[in-house]
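Spelled out from the first residue to the last, the chains are:
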Amino acid sequence: MIHALEYFFGSYSLALFIVYIVLFVSSLFAILKFISIGKFWSDSKLRQSDNAPGISIIAAAYNESVTIIDNVRSLLTLHYSRYEIIVVDDGSTDNTLEKLIKEFELVEIPEYYIEYKVVSSPILRVYRSTNVSFRKLTIITKINGGCKADAVNAGLNVAVFPYILNTDVDSVLASHTLSDLIQPVLSSRKRVIAVGATLRMSNSCVVESGKIEKINLPSNYVVRFQEMEYIRAYLFGKMGWSSFNAISNVSGGLGLFDKDILLKTGGYDVKSLGEDMEILIRMCAYCCEQDIDYAVKYIPKTLCWTEGPDNLKTFVRQRIRWSRGLFQIIKDHRSLIFNGKYNRLGKIVMPYNLFFEFFAPIVELLGLIFFIFMAFIGAINWDMAALILLMVYSFSVFMTTYSILLDHLISKYYDNWYEVGRLCMIAFFEPFIYHPIIVFCSLKGYVQEIRGKKHVWGDMVRKGTVKKTELID
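The residue count restarts for each chain, going from 1 along the sequence in the order it is written. Only residues with pLDDT of 70 or above have their local features reported here, since the model is predicted, and side-chain atom pairs are shown and tallied only from 80 upward, although totals for entire chains, interfaces and linings are computed over all residues. Hydrogens and water molecules were not included; the side-chain quantities draw on all heavy atoms of the structure.

Q: I'd like to hear about the overall build of the chain, residue by residue, with values.
A: Each helix and strand counted, the chain has 16 helices and 12 strands in total. With C-alpha atoms as the basis for the radius of gyration, the globule rule is written as 2.2 Å multiplied by the number of residues raised to the power 0.38. A compact globule built from 473 residues would reach a C-alpha radius of gyration of about 23 Å, and the chain, at 23 Å, matches this within 12%. Its C-alpha atoms give the chain principal-axis dimensions of about 75 × 55 × 45 Å. Burial classes: relative accessible area under 20% of the type maximum marks a residue as buried, over 50% as exposed, and values in between as partly exposed (1.4 Å probe, protein chains only). Within the chain, buried positions represent 54% of all 473 residues. Contacts were defined at the residue level, with two residues in contact if any of their heavy atoms lie within 4.5 Å. Partitioning the intrachain contacts of the chain with sequence separation of at least 6 by distance along the chain shows that 80% fall at a separation of at least 24. Here the chain has roughly 21900 Å² of accessible surface; of this, 61% comes from carbon and sulfur atoms. In DSSP terms, a helix is any run of H or I states spanning at least four residues, a strand is any run of E spanning at least two, and both are numbered starting from the N terminus. Residue exposure ignores everything except the shown protein chains as possible cover, and the areas themselves are Shrake-Rupley values with a 1.4 Å probe.

Laid out in structure tokens, this is it:
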């Protein structure tokens, strides 16, 4: 039994190591290809052309009064010719709606007709501005649906353009976001059903009038660990999987979607706690069933800055929800696993999600228990164990620092190498501090899902970003 367990843990670790090496190589080639090809259409053409694909931006808001004005102004400054902004006030109990009405000179459109193409809680009112400067803006207020998915579905029922940009209203987008995200759609021979890009933390950034004026390294260490994780996940993970057209999810913080496919799959699942991953899996499955030659793309550029949880309690609650969402997806879509009918989705995406995402924290816990047991009975070769642990630790630090350095070489978001170095330094502490918290959250989420515990959507208190005037003061 001991030998069998040794072979199991060794084989699992080796398989995961091989996957990471493949992703390392493929992500590097994907990024180099992106840099060498450049843009299919120039930003100026997409800004001016009446033939540019129309994009409906849907941003859900619930009790966002602290940041709502700056964030909506950010959306209004995007450089693109054909787009609309739909802010969904999901039954806020603060003065979010009042602030929007006052700032953007909104009036109710009582005769507005709404066709419910996908299920959502009832829309109560639709507002438009009397100021021509805000003609792209539509505000809808609805009965609270208890989750973001319901709010996005409400926005889908109002959207008029063929592409949907799903984002969070607390996010700040780069001015060229729409033109960058539409590039893969215009340049691909396949039908691109979703496009994503890198997200990073806005917590310590300087924002003025809805625009990022200065990007700073997060001062809060909970947020800084998230910044590190996001950069690695997008540049290393997403770009690596994009080479195989096997991306498992496009972030709910920033994702461009083909509205036709999105509607035909029934919109977002309001019962799912991992709605961003679940909807993409359904969209890919639908394309396979309909013999649609599809693609999901990622671009290695930061286009969105989002306010991350800055305290452990909120962070843990978020990650528990994510792990429960993964559990639900594996359970609800288990028929796709190793199902040849679904091509890459069935042969690569779902098996990877099962074995190396879902089972990973379980295997880690069992491996730790096995290691302690082996140490207790004196069956460990400590020289070999130390060497293996050092190799695993070094590989982890290397992959993280590689992603951070590559990100800086490509885009230079930070002003100097000192900040880059400070971000790289926390990679040395991740295996001992951040990663155990992630494993704990995953396991706790699984237990809660098995027990059928009702999930309560807690509020994340928005503190807003730093403003120039605050720096001067």
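Next comes the rest of the description.
Q: If you had to explain the packing of aromatic side chains to someone new, which residues and values would you point to?
A: Two aromatic rings, drawn from Phe, Tyr or Trp (for Trp, its six-membered ring), form a pair once their centres lie within 6.5 Å of each other, and the interplanar angle then sorts them: stacked below 30 degrees, edge-to-face above 60, tilted otherwise. Evaluation of the coordinates by the stated rule reveals 28 aromatic pairs. Taking 5.7 Å as the distance between ring centres and 45° as the angle between the ring planes, the aromatic pair formed by Tyr 352 and Phe 356 counts as tilted. A residue pair is termed a helical-turn pair when its members lie 3 or 4 positions apart in one helix, as Tyr 352 and Phe 356 do in helix α11 (residues 343-358) at four residues. The pair Tyr 352 / Phe 356 is uniform in exposure class, with both members buried. Here the basic side chain of Lys 136 rests over the ring of Tyr 83, its NZ or CZ set 4.7 Å away from the ring centre. Two thresholds decide whether a charge sits over a ring: the Lys NZ or Arg CZ must be within 6 Å of the ring centre and within 35 degrees of the ring normal. Of note, Arg 224 hangs over the ring of Tyr 221, and the distance from its end group to the ring centre comes to 4.6 Å.

Q: Could you give an account of the pairing of strand β4 (residues 123-129), with specific residues and numbers?
A: Pairing analysis gives three bridges linking strand β3 (residues 106-108) to β4, with the strands arranged antiparallel. Residue pairing in the sheet places Val 107 in a bridge with Arg 128 of β4. The criterion for strand pairing is that DSSP finds at least two bridges linking the strands in question. Looking at chain direction, β4 and strand β5 (residues 137-142) are connected through five bridges and run antiparallel. Bridge pairing links Ile 123 to Lys 142 in β5.

Q: Describe the sheet that holds strand β11 (residues 254-258), listing the residues and the values that go with them.
A: The mixed open sheet is built from 10 strands, whose spatial order is β3-β4-β5-β2-β1-β6-β11-β8-β12-β7. With one partner strand each, in any of the chains shown, β3 and β7 (172-173) form the two edges of the open sheet. A fitted line through C-alpha atoms represents every axis, and for helices the fit uses only the stretch in contact; the resulting angles, taken between N-to-C directions, go from 0 to 180 degrees. On the sheet, helix α5 (residues 148-158) packs against β1 (55-61), β2 (83-89), β4, β5 and β6 (163-168) and is oriented at approximately 130° with respect to β5.

Q: Could you give an account of helix α3 (residues 68-76), naming the residues involved and the relevant values?
A: All of the buried residues in α3 are Ile 68, Ile 69, Asn 71, Val 72, Ser 74 and Leu 75. Against β1, β2, α4 (96-103), β5 and β7 lie the buried residues of α3.

Q: I'd like to hear about a nonpolar patch on the surface, residue by residue, with values.
A: Every patch collects residues that have over 30% relative accessible area and no salt bridge, joining them within 9 Å if they carry like charges and within 5 Å if they are nonpolar side chains (Val, Leu, Ile, Met, Phe, Trp, Tyr). Only one rule defines a salt bridge in this text: a Lys or Arg side-chain nitrogen within 4 Å of an Asp or Glu carboxyl oxygen. Residues Leu 14, Phe 17, Ile 18, Ile 21, Val 22, Val 25, Phe 29 and Phe 244 make up a contiguous nonpolar surface patch of roughly 700 Å² in combined accessible area. Residue class for Phe 17 comes out partly exposed when judged on its relative accessible area of 38%.

Q: Tell me about the side chain of Ser 129, and name the residues and values.
A: Relative to the assigned elements, Ser 129 resides in strand β4. Exposure remark for Ser 129: the relative accessible area of 17% places this residue in the buried category. A distance of 2.6 Å separates the side chain of Ser 129 from the backbone oxygen of Phe 104, its partner in a polar contact. Engagement of the side chain of Ser 129 in a polar contact is seen with the backbone nitrogen of Asn 131, the distance being 2.9 Å. Leaving out residues up to four positions away in the same chain, Ser 129 has contacts with Phe 104, Glu 105, Leu 106, Phe 134 and Leu 137. Pairing of N or O atoms within 3.5 Å defines a polar contact, subject to two protein rules: one partner must be a possible hydrogen donor and the other a possible acceptor, and residues neighboring in sequence count only if both atoms are side-chain atoms.

Q: How would you summarise α5 if you had to cite specific residues and measurements?
A: In an α-helix, one full turn covers 3.6 residues, which means residues spaced three or four apart are oriented alike. Most of α5 is tucked away, with 11 of its 11 residues classed as buried. Buried within α5 are the following residues: Lys 148, Ala 149, Asp 150, Ala 151, Val 152, Asn 153, Ala 154, Gly 155, Leu 156, Asn 157 and Val 158.

Q: Please give an account of the pattern of salt bridges that cites residues and values.
A: The full count for this structure, using the stated rule, is 18 salt bridges. Here Arg 73 ties to Glu 103 by a salt bridge, and the two come within 2.6 Å at their closest N and O atoms. On the criterion of sequence distance, the pair formed by Arg 73 in helix α3 and Glu 103 in helix α4 is long-range, its members being 30 residues apart. With a relative accessible area of 28%, Arg 73 lands in the partly exposed category. The class for Glu 103 is partly exposed, based on a relative accessible area of 31%. Between Lys 331 and Glu 449 there is a salt bridge; the shortest N-O distance is 4.0 Å. Highlighted residues: Lys 331 in helix α10 (residues 312-332) and Glu 449 in helix α15 (residues 434-451), separated in sequence by 118 residues. On the accessibility criterion, Glu 449 (12% relative accessible area) is buried.

Q: Please set out the nonpolar core residue by residue, giving values where relevant.
A: Ranked by internal contacts, the top residues of the largest apolar core, which has 142 residues, are Val 87 and Leu 345. The contacts of Leu 345, once residues within four sequence positions are left out, are Ile 281, Cys 284, Ala 285, Tyr 294, Leu 336, Met 350 and Pro 351. For the purposes of this section, nonpolar cores are sets of buried Ala, Val, Leu, Ile, Met, Phe, Trp, Tyr and Cys residues that join through side-chain atoms within 4.5 Å.

Q: Report on empty space enclosed by the protein, specifying residues and quantitative values.
A: Only protein atoms enter the 1 Å grid used here. Points where a 1.4 Å probe fits but cannot escape make up a cavity, open sets with protein on both sides within 12 Å along at least five of seven lines make up a pocket, and a residue lines them when an atom lies within 4 Å of a point. Grid points are joined across faces, edges and corners, and a volume is the space filled by probe spheres set on the points. In the structure shown here, the tally under the stated rule is one cavity of 30 Å³ or more. Taken as a whole, the largest cavity holds about 40 Å³ of empty space. In terms of lining, the largest cavity is formed by Asn 245, Ala 246, Ile 247, Cys 284, Tyr 294, Val 296, Leu 345 and Val 349. Those elements giving two or more residues to the lining of the largest cavity turn out to be β12 (294-306) and α11. Gly counts as polar in this scheme, as do all residues outside two lists: the nonpolar Ala, Val, Leu, Ile, Met, Phe, Trp, Tyr, Cys and Pro, and the charged Asp, Glu, Lys and Arg. A per-class count over the lining of the largest cavity returns seven nonpolar, one polar and no charged.

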